[in-house]
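# Breakdown of the fold
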Amino acid sequence: MKILRTLCTAVVLGLVAPTAAHAQVEPGGWTSYSPSFTEQERGCGQIDGLTFRLTCSTSSGDQRAERRYATYSSGTRQFEGSFRITSMTGSRISLKQTFNESGSGPYFMLAVENGGRLYRVGGDTIAGGATVGTTVRVNTVHQVGSQHRTYINGSLKHTMSSPGGSFYDKFGSYRTDSGAGPIQVQWSGVQFWRK
Amino acid sequence: MRILFVCLLLLLAGCGSSGQQPGFQLQASLVADDVTLRWSGAPADAAYLMVEYATEENGEYTILGFLPPDRREFQHPDLMPATTFYYRVTPLTAPPGEPAVARPRANEIQLTWADTSADEDGYLLERRRTGQPAEVAAYLDPNTTSFNLPLLPTDKPATYYPRPFRRGTPSPVTHETIPPA
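Residues numbered from 1 in each chain as written. Chains lettered and ligands numbered in written order. Predicted model: local features only at pLDDT ≥ 70, side-chain atom pairs only at ≥ 80, totals over all residues. Heavy atoms only, no water.

## Points about the overall build of chain A
Helix and strand counts for chain A come out as one helix and 15 strands. Within chain A, buried positions represent 51% of all 195 residues. Pairs at least 24 apart in sequence give 66% of the contacts found in chain A among residues at least 6 apart. Roughly 8,300 Å² of accessible area belongs to chain A as shown, and the carbon and sulfur atoms make up 49% of that amount. (Helix = DSSP H or I, 4+ residues; strand = E, 2+ residues; numbered from the N terminus. Buried < 20%, exposed > 50% of the residue type's maximum accessible area, 1.4 Å probe, protein only. Contact = heavy atoms within 4.5 Å. Areas by Shrake-Rupley, 256 points an atom, 1.4 Å probe, with all protein chains shown as cover.)

In structure tokens, the structure reads:
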């Protein structure tokens with residue numbers, strides 16, 4: 001009976017509901033796209049699909065496991081992705097960057113500190129300690145030459161002005177100047193839009 | 001056509017017989033770009049109420065918090081414009097047990113325990129401090145028996161209880177659409 005009811009529900013809903021579902025993002029005009037990327041494994045960084053690991057506690061040198069996406073230099077770009085830290089005995093690890101290729105480097109760097117505090121490297125706290133083991137959704141909206149906004153779990157947590165120039169998105173795990181691994185972070189639901 | 005008619009009859013006959021917790025109601029109200037959730041009728045045996053959101057009606061839900069069972073309200077502020085937010089509240093039952101065996105380390109505490117539960121949906125690692133309400137420190141997979149919990153220098157001494165949890169029937173889903181900026 002239960003199976004029949006479920007089947008019937010699907011039949012009825014199929015007649016009245018659209019089948020396509022896309023995440024709703026900031027105001028209209030967005031086009032979904034899939035920029036190309038390369039993977040960067042340096043030092044003790046390891047990538048396995050969307051799992052990114054720093055396996056060492058080395059507090060020096062280039063320790064990274066990241067995806068580096070294609071460069072953009074105009075318009076508005078939106079990144080969406082969810083991360084779950086599955087183990088972390090290190091601290092101060094960058095999870096998402098908006099990198100200024102034509103400027104001074106990592107223009108915006110979202111990092112996590114021991115205990116789950118999310119912060120902007122060189123800036124303030126972005127969100128309080130997320131419960132360890134839960135998934136956190138990140139949206140960045142970047143209007144090149146105007147503004148960069150960061151949403152954590154749907155809420156606007158950080159706004160900064162943006163210069164013009166060439167930028168690209170990176171995510172994964174990367175040891176900041178004051179940080180060290182180990183960490184293992186699982187990303188999911190990565191999407192991009194532009195307008 | 002006859003099959004569809006039978007299906008509709010079956011669906012109508014089944015209304016209210018399963019799925020939602022009877023009397024568990026969830027409402028959302030929108031002011032500017034802030035959503036306030038209010039609910040009533042949550043099961044009395046819940047250890048925590050898990051508040052989640054999604055931006056697609058059938059989309060991936062993201063946990064916003066684990067609230068004590070006597071809470072009736074939650075605020076989700078400063079939301080993305082022109083976006084529809086879907087919400088649900090799920091009661092978690094989690095029998096209390098013994099505290100984990102704790103071995104402090106430099107920047108973390110190593111916790112171990114026995115997995116005495118069967119068919120749990122996961123473990124809530126509950127932090128208890130003197131004079132403060134208990135809170136969920138970590139949300140762990142089923143059958144977990146150890147965890148190294150990162151600590152901040154400001155963290156006060158605490159006792160940690162691994163509580164195997166099971167998800168109850170969630171509230172009805174409610175939604176609000178944030179206006180354009």
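## Quick look at the packing of aromatic side chains
All names here are of chain A. Applying the stated rule across the entire model yields 18 aromatic pairs over all chains. Summarising the aromatic geometry, the rings of Phe83 and Trp187 are spaced 5.5 Å apart at their centres and angled 55 degrees between planes, so their arrangement reads as tilted. On the criterion of sequence distance, the pair formed by Phe83 in strand E6 (residues 76–88) and Trp187 in strand E15 (residues 183–194) is long-range, its members being 104 residues apart. Per residue, the accessibility class of Phe83 equals that of Trp187, and both read buried. Ring centres of Tyr107 and Phe167 lie 5.5 Å apart, and the angle between their planes is 65 degrees; on these two criteria the pair is classed as edge-to-face. (Phe/Tyr/Trp six-rings, centres within 6.5 Å; stacked < 30°, edge-to-face > 60°.)

## A short note on the sheet that holds strand E8 (residues 108–112) of chain B
Residue and element names in this part refer to chain B. The strand order across the open sheet built from three strands is E7-E8-E11, with neighbouring strands paired in antiparallel fashion. Both outer strands of the open sheet, strand E7 (101–104) and strand E11 (146–150), are each paired with one neighbouring strand and no more. Strand-to-strand, the axes of this sheet are offset by a mean angle of 20 degrees, without reference to chain direction. As paired elements, E8 and E11 share five bridges and run antiparallel to each other. Among the inter-strand pairings, Leu111 is bridged to a residue of E11, identified as Phe147. (Pairing = 2+ DSSP bridges. Axes fitted to C-alpha atoms, helices over the stretch in contact; angles between N-to-C directions.)

## Remarks on the side chain of Thr76(A)
Its location among the elements puts Thr76(A) in strand E6. Other than its neighbours up to four places away in sequence, Thr76(A) contacts Trp30(A), Val141(A), His142(A), Gln143(A), Trp193(A), Arg194(A) and Lys195(A).

## Some points on the nonpolar core
The nonpolar side chains of a soluble globular protein tend to be buried, and buried together. Counting 33 residues, the largest nonpolar core has Phe83(A), Leu95(A), Val112(A), Leu118(A), Ile152(A), Ile183(A) and Trp187(A) as the members making the most contacts within it. In this view, Ile183(A) contacts Phe52(A), Arg53(A), Leu54(A), Ile85(A), Ser87(A), Met88(A), Ile93(A), Leu95(A), Val112(A) and Ser173(A); residues no more than four positions away in its chain are not counted. Residues Leu64(B), Leu67(B), Phe74(B) and Leu79(B) belong to the second largest nonpolar core, which totals 24 residues. (Core = buried A, V, L, I, M, F, W, Y, C linked by side-chain atoms within 4.5 Å.)

## A short note on the confidence of the model for chain A
Close inspection of predicted coordinates is inappropriate in any region flagged by low pLDDT. On average, residues of chain A score 83 in pLDDT, and 84% of them are at 70 or above. The lowest-confidence element of chain A is helix H1 (residues 2–16) of chain A, averaging 31 in pLDDT; the highest-confidence one is strand E2 (residues 37–42) of chain A, averaging 96. (pLDDT = per-residue confidence, 0-100.)

## What to know about the confidence of the model for chain B
Residues and elements named next belong to chain B. Confidence along chain B averages 87 in pLDDT terms, with 86% of residues attaining 70 or more. Here residues 3–18 is a poorly scored stretch, pLDDT under 50, and it has 16 contacts once near neighbours within four places are set aside; other chains count. Reported confidence for the predicted complex is 0.76 by ipTM and 0.81 by pTM.

## Examining the pairing of E8(B)
All names here are of chain B. Here E7 runs beside E8; their pairing, made up of four bridges, is antiparallel. The residue of E8 that forms the bridge with Pro104 is Ile109. The hairpin turn running from E7 into E8, its antiparallel successor, is three residues long.

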